[in-house]
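Next come the chains, spelled out residue by residue.
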Amino acid sequence: MTVLIIGYGNPLRGDDAFGYRAAEELQASFIDHREAVVLPVHQLTPELAADIARSARVIFIDAAAEGEPGKLESRPVMPVSGGAAFTHSATPEGLLAMALALYGAVPPAVLYSVRGESFAYGAPLTPRVELALAAVVREIGAEIAGARA
């Protein structure tokens, strides 16, 4: 079984691209490895529940609207019944609950997030979020490499 890494966000909206860009970088690192499947997606959708249920572990990566700008944080994610999973505002908790309800399985999951400073159209990542991007790619990459050893 593999680790599923889902980085999500809008790559056209400044710091909202954090999760998407992290997934793109991780995808390039793990393209030939069976230990990880990496999905850069614009938003979380119900179709991801099947992939989640088949995984040994899930790592979500996203930008946040709250917290200290540029600060990388991680927290465990648990399934929450009634969590949004069928709308534009789907949540990791809702997708885990859906995986459990539909497929009878939910792996351990974690969410890495960083508070963005600018979500303007066409803007690049801000310098603090760019640093957090490098940090999350390093941290997740080392975790997957360590699991191989």
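Please refer to the structure higher up on the page.
Predicted model only: the values in this text are computed from it and were never measured. (Residues numbered from 1 in each chain as written. Predicted model: local features only at pLDDT ≥ 70, side-chain atom pairs only at ≥ 80, totals over all residues. Heavy atoms only, no water.)

A. Quick peek at the packing of aromatic side chains. For the structure shown, the criterion picks out zero aromatic pairs. When the ring centre of Tyr-121 is taken as reference, the NZ or CZ atom of Arg-13 above it lies at 4.2 Å. (Phe/Tyr/Trp six-rings, centres within 6.5 Å; stacked < 30°, edge-to-face > 60°. Lys NZ or Arg CZ within 6 Å of the ring centre and 35° of its normal.)

B. Fine view of the sheet that holds strand E2 (residues 36-41). Pairing is mixed across the open sheet formed by five strands, whose spatial order is E2-E1-E3-E5-E4. If you trace the sheet from one side to the other, it starts and ends with E2 and strand E4 (72-77), each paired once. Between one strand axis and the next, the sheet turns through 25 degrees on average, direction left out of account. Bridging between strand E1 (residues 3-8) and strand E3 (residues 57-69) involves five bridges; their strand directions are parallel. (Pairing = 2+ DSSP bridges. Helix = DSSP H or I, 4+ residues; strand = E, 2+ residues; numbered from the N terminus. Axes fitted to C-alpha atoms, helices over the stretch in contact; angles between N-to-C directions.)

C. View of the pattern of salt bridges. Counted by the stated rule, this structure contains six salt bridges. We note a salt bridge from Arg-54 to Asp-51, for which the minimum N-O separation is 2.5 Å. A residue is classified by how much of its surface remains accessible, and Arg-54, at 54% relative accessible area, is exposed. Overall, the relative accessible area of 26% leaves Asp-51 in the partly exposed class. Among the ionic pairs, Arg-57 bridges to Glu-143, the shortest N-O distance being 1.9 Å. With Arg-57 in strand E3 and Glu-143 in helix H4 (residues 127-148), the pair connects residues that are 86 residues apart, well separated along the chain. With relative accessibility at 24%, the residue Arg-57 sits in the partly exposed group. Since its relative accessible area comes to 29%, Glu-143 is described here as partly exposed. (Salt bridge = Lys/Arg side-chain N within 4 Å of Asp/Glu carboxyl O. Buried < 20%, exposed > 50% of the residue type's maximum accessible area, 1.4 Å probe, protein only.)

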